[in-house]
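Survey of secondary and tertiary structure
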Amino acid sequence: MQLHYAGKTLTVGLADGIAWMTFIQADNLNALSPAMAREFLDACRQLADIDDLKMLVLQGSGRAFMAGGDLHALRQDPEAAVAAIISPMNEAILLLQALPVIILARLHGAVAGAGLSLACLADLSIAADNTRFVYAYSDIATTCDLGLSWNLVRRVGINRALGIALLSHGLDARQAAEWGLVNQVVDAARLDEVVQRAVARLAAMPAHVVKATKSLLLRAQSAPLDEQLETERRTFLECAQRAEFVVAIDAFFARRR
C-alpha cells in the first residue's frame, strides 16, 4: 500500500483503488482538532481527484475510532474553533458525499460526538463488539454537527434520533446494529478480518454497479416514485448493455450447473 497522504493527525494509504484513512491521534482518542479538520479536508480534496478510486475506509488508531471534538479549543474560543473545525469538515463532508464510491467505517472503542457524526456519514459500517456509541453533544450543552442530524434521522427515524440525542447515555454495538446505526457487529479479534473481507467483496464488484447502486438508493430518499421507476429502468439498461452483465449471467448459470 502506498502512502497517499501523510499528515500529523491522519494518513491515507492507497492500494488497488482502495483508500484507507486512519486517524492517528491515539493519545487523545483521535479527538477532532482544528489541525485534523484541515488535514481531513486536504485529504478529501486529493481523494476527489482520483479517477479510479473504488472505496474509502475510515478507521481510528489506538483504543477508539474517535472520541469527540477538541473540547479545549472549543472552550477557549468557540467562534474561532467552530470556524477552524466545523467549516472545513463541512466542505470535506460534501466532497465525500459526492464521491461515487462506497465509504466504509471500521469502528471500535469510543464512537462519540464528532466520531458518531463521521461514522454515520459512511455508507456501510462494521463495528467491534466492544464499540460504544455516544451522542455526547447534549452533555456539553450544544447541538450536533457534521451532518449528524441529517444522517441520524435517516438511519434510525425521528423518535429514536430524539432519544439518542436527549435521553441516551450511549448504545453498545449490538443495540446500535438493531437500530440501524451499523451494518455488522463482530468479535473485536476478528474486526480486521471481516473488514478486509468486505473490502475485497466490494472491490471485486464492477465499479459502475457500485456507483449506480449508491446513486439510486440515495436518490430514493427524496425522488417521487414515478421518477425513481424511470431512473431504475434506465440504470438497469445501462448496466445490462455492458460486457460485465453477460459475464456475470454466464457465471451464474455455470454455478447452477
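Attention in this report is confined to the structure presented alongside it. (Residues numbered from 1 in each chain as written. Predicted model: local features only at pLDDT ≥ 70, side-chain atom pairs only at ≥ 80, totals over all residues. Heavy atoms only, no water.)

1. Quick look at the layout of surface pockets
In this approach a probe as big as a water molecule rolls over the atoms, and the regions it shows empty are the leftover space. Approximately 760 Å³ is the volume found for the largest pocket. Every residue lining the largest pocket is counted, 30 residues in all, and those nearest its centre are Leu 121, Ala 122, Asp 123, Lys 214 and Leu 218. Secondary-structure elements contributing two or more residues to the lining of the largest pocket are helix 3 (78-98), strand 6 (102-107), helix 4 (114-121), helix 5 (148-156) and helix 9 (207-219). If you tally residues by element for the lining of the largest pocket, the top one is helix 9, at 6 residues. Taken as a whole, the second largest pocket encloses approximately 410 Å³ of empty space. (1 Å grid on protein atoms, 1.4 Å probe; cavity = no way out; pocket = protein on both sides within 12 Å on 5 of 7 lines; lining within 4 Å. Points joined across faces, edges and corners; volume = space filled by probe spheres on them. Helix = DSSP H or I, 4+ residues; strand = E, 2+ residues; numbered from the N terminus.)

2. With respect to the pattern of salt bridges
Evaluation of the coordinates by the stated rule reveals 9 salt bridges. Between Glu 227 and Arg 219 there is a salt bridge, with its nearest N and O atoms 3.3 Å apart. Between Glu 244 and Arg 242 there is a salt bridge; the shortest N-O distance is 3.6 Å. Arg 242 sits in the partly exposed class, given a relative accessible area of 39%. Salt bridges sharing common partners tie together Asp 42, Arg 45 and Glu 91. (Salt bridge = Lys/Arg side-chain N within 4 Å of Asp/Glu carboxyl O. Buried < 20%, exposed > 50% of the residue type's maximum accessible area, 1.4 Å probe, protein only.)

3. Thoughts on the nonpolar core
With 57 residues, the main nonpolar core has Met 21, Phe 40 and Phe 133 as its most contacted residues. Counting residues per element, this core draws most heavily on helix 1 (residues 34-48), which supplies 7 residues. Once residues lying within four places of it in the same chain are set aside, the contact partners of Phe 133 are Leu 107, Val 111, Leu 116, Ala 127, Gly 170, Leu 171, Asp 172, Ala 173, Ala 176 and Val 182. In terms of nonpolar packing, the next biggest core, distinct from the first, is built from 15 residues, Ile 102, Ile 126, Leu 202 and Val 210 among them. (Core = buried A, V, L, I, M, F, W, Y, C linked by side-chain atoms within 4.5 Å. Contact = heavy atoms within 4.5 Å.)

4. Notes on helix 10 (residues 225-240)
Spanning 16 residues, helix 10 covers 22 Å between terminal C-alpha atoms, matching the ideal 22 Å at 1.5 Å per step. Buried within helix 10 we find Gln 228, Thr 231, Thr 235 and Cys 239. For helix 10, the buried positions fall inside an angular range of 65 degrees around the axis, keeping them on one side. What points out from helix 10, more than 90 degrees from its buried face, is the exposed set Asp 226 and Phe 236. (Expected span 1.5 Å × (residues − 1). Arc of directions from axis to C-beta.)

5. Points about empty space enclosed by the protein
Applying the stated rule across the entire model yields 1 cavity of 30 Å³ or more. In this structure, the largest cavity encloses a volume near 30 Å³. Residue lining of the largest cavity: Leu 116, Phe 133, Val 134, Tyr 135, Ile 164, Ser 168, Gly 170 and Leu 171, and that is the complete set.

6. Looking at helix 4
Across the 8 residues of helix 4, 8 count as buried, placing the element largely inside the fold. All of the buried residues along helix 4 are Ala 114, Gly 115, Leu 116, Ser 117, Leu 118, Ala 119, Cys 120 and Leu 121.

7. Regarding the sheet that holds strand 11 (residues 184-186)
Within a sheet, adjacent strands bond to each other through the backbone by hydrogen bonds, running parallel or antiparallel. Across the sheet, which stays open at both edges, the 7 strands sit in the order 1-2-3-4-6-8-11 with mixed pairing between neighbours. Of all the strands in the sheet, just strand 1 (2-6) and strand 11 have a single pairing partner and so form its edges. Each adjacent strand pair in this sheet contributes to an overall mean axis angle of 20 degrees, direction not counted. Across 6 bridges, strand 3 (residues 18-23) lies against strand 4 (residues 55-60) in parallel orientation. If you follow Trp 20 over to strand 4, its bridge partner there is Val 57. Those strands touched by helix 4 are strand 3, strand 4 and strand 6, and its axis lies near 140 degrees from that of strand 6. (Pairing = 2+ DSSP bridges. Axes fitted to C-alpha atoms, helices over the stretch in contact; angles between N-to-C directions.)

8. Structural notes on the packing of helix 5 against helix 6 (residues 158-166)
Running from N to C, helix 5 and helix 6 cross one another at 125 degrees; their axes reach a closest spacing of 7 Å. Regarding the angle of helix 5 to helix 6, the classification is oblique. By crossing handedness, the relation of helix 5 to helix 6 is classed as right-handed. Contact residues: helix 5 offers Leu 152, Val 153 and Val 156, while helix 6 offers Ile 158, Arg 160, Ala 161 and Ile 164. Of the residues contributing to the contact of helix 5 with helix 6, the split by class is 6 nonpolar, no polar and 1 charged. (Parallel < 35°, antiparallel > 145°, perpendicular 65-115°, else oblique. Left-handed = near helix turned anticlockwise from the far one by under 90°. Nonpolar A, V, L, I, M, F, W, Y, C, P; charged D, E, K, R; others polar.)

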